[in-house]
Amino acid sequence: MDVLISVFVGLHIIGIAALLGGFLTQMKAMSAGTARFNPAMLHGALTMLITGVALVGLNQADDQAVNNVKIGVKLALLVVILGLVYVKRDEEKVDKAAFGTVGLLTVANIFIAVLWT
């Protein structure tokens, strides 16, 4: 079970890397007002959602303690991220506020995962 959990943790990290990497590559465009949500950001957020749910299930099946409040906060942030990226994925330009919100929530999600024990 530990190997399976480790595989899903790796996939979860790949998902967050795609989401954050997509955001960081658009930072210069954001300052120019021409940023857009690219497919990597959408796929990264979806990967995070699927692997995160799988990780909670696997950890509970393995009788490991799961902090449900932490998971709930992370899930809420991810749903907002996913909603923004999905709704505005076809727009040629995304306003700075929406784009910055996705970046801020992504970074917040990372820090919650790492610092909240």
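Scroll up for the structure.
Residues numbered from 1 in each chain as written. Predicted model: local features only at pLDDT ≥ 70, side-chain atom pairs only at ≥ 80, totals over all residues. Heavy atoms only, no water.

S.K.: Explain the overall build of the protein to me, and be specific about the residues and the numbers.
M.R.: Check the secondary structure of the protein and you find five helices and zero strands. Ordering the α and β elements of the protein from the N terminus gives α-α-α-α-α. By the compact-globule yardstick of 13 Å for 117 residues, the protein fits well, its C-alpha radius of gyration being 15 Å. Reported as C-alpha extents along the three principal axes, the dimensions of the protein are approximately 50 × 25 × 20 Å. Per-residue burial over the protein gives 34% buried out of 117 residues. Residue pairs in contact within the protein that sit at least 24 positions apart in sequence constitute 80% of those at least 6 positions apart. On the protein, roughly 6700 Å² of surface is accessible, and the fraction owed to carbon and sulfur atoms is 71%. (Helix = DSSP H or I, 4+ residues; strand = E, 2+ residues; numbered from the N terminus. Rg over C-alpha atoms; globule rule 2.2 N^0.38 Å. Buried < 20%, exposed > 50% of the residue type's maximum accessible area, 1.4 Å probe, protein only. Contact = heavy atoms within 4.5 Å. Areas by Shrake-Rupley, 256 points an atom, 1.4 Å probe, with all protein chains shown as cover.)

S.K.: Which residues make up helix 4 (residues 68–87), and what values go with them?
M.R.: With 20 residues, helix 4 should cover 28 Å at 1.5 Å per step; its first-to-last C-alpha distance of 28 Å lies within 8% of that length. What helix 4 keeps buried is the set Lys 70, Lys 74, Leu 77, Leu 78, Ile 81, Leu 82 and Val 85. End-on view of helix 4: buried residues confined to an arc of 135°, all on one side of the axis. For helix 4, exposure combined with an orientation more than 90 degrees from the buried face picks out Asn 68, Val 69 and Val 87. The inward-facing, buried residues of helix 4 abut helix 1 (2–25), helix 3 (39–61) and helix 5 (96–115). If you check the start of helix 4, you find a side-chain oxygen 3.3 Å away from the backbone N of Val 69, and it comes from Asn 67. (Expected span 1.5 Å × (residues − 1). Arc of directions from axis to C-beta. Polar contact = N/O pair within 3.5 Å; in protein donor to acceptor, adjacent residues only side chain to side chain.)

S.K.: Before we move on, could you go through the packing of helix 4 against helix 5 and cite the residues and values that matter?
M.R.: Between helix 4 and helix 5, the least distance of the axes is 10 Å, while the angle of their chain directions is 155°. In this view, helix 4 runs roughly antiparallel relative to helix 5, as classed from their interaxial angle. Where helix 4 crosses over helix 5, the two elements pack in a sense that is left-handed. For the pair helix 4 and helix 5, contact is made by Lys 70, Val 73, Lys 74, Leu 77, Leu 78, Val 80, Ile 81, Leu 84 and Val 85 and by Ala 98, Thr 101, Val 102, Leu 105, Thr 106, Ala 108, Asn 109, Ile 112 and Ala 113, respectively. Along the lines of polarity and charge, the residues of the contact of helix 4 with helix 5 split into 13 nonpolar, three polar and two charged. (Axes fitted to C-alpha atoms, helices over the stretch in contact; angles between N-to-C directions. Parallel < 35°, antiparallel > 145°, perpendicular 65-115°, else oblique. Left-handed = near helix turned anticlockwise from the far one by under 90°. Nonpolar A, V, L, I, M, F, W, Y, C, P; charged D, E, K, R; others polar.)

S.K.: Can you break down the side chain of Lys 74 residue by residue, with the values?
M.R.: Residue position: Lys 74 is located in helix 4. Within the buried core, Lys 74 has no salt-bridge partner, and the shortest N-O distance to an opposite charge, that of Asp 62, equals 19 Å. Aside from chain neighbours lying at most four places away, what touches Lys 74 is Asn 109, Ile 112 and Ala 113. (Lys, Arg positive; Asp, Glu negative; His and termini not counted. Salt bridge = Lys/Arg side-chain N within 4 Å of Asp/Glu carboxyl O.)

S.K.: Mind laying out the pattern of salt bridges, listing which residues take part and the relevant values?
M.R.: Tallying each qualifying case throughout the model produces two salt bridges. For Glu 92, the salt bridge is made with Arg 36, and the minimal N-O distance between the two is 3.8 Å. Of the two residues, Glu 92 sits in the loop between helix 4 and helix 5 while Arg 36 sits in the loop between helix 2 (27–32) and helix 3, which places them 56 residues apart along the sequence. Measuring nitrogen to oxygen at the nearest pair gives 3.9 Å for the salt bridge that ties Glu 91 to Lys 88.

S.K.: Could you give an account of the packing of helix 3 against helix 4, with specific residues and numbers?
M.R.: As a packed pair, helix 3 and helix 4 sit with axes 9 Å apart at the nearest point and diverge in direction by 160°. Overall, the two elements helix 3 and helix 4 adopt an arrangement that is roughly antiparallel. Relative to helix 4, the crossing made by helix 3 is left-handed. Two secondary-structure elements touch here, helix 3 through Met 41, Leu 42, Ala 45, Leu 46, Met 48, Leu 49, Val 56 and Gln 60 and helix 4 through Asn 68, Ile 71, Leu 75, Leu 78, Ile 81, Leu 82, Val 85 and Tyr 86. Grouping the amino acids of the contact of helix 3 with helix 4 by side-chain chemistry returns 14 nonpolar, two polar and no charged.

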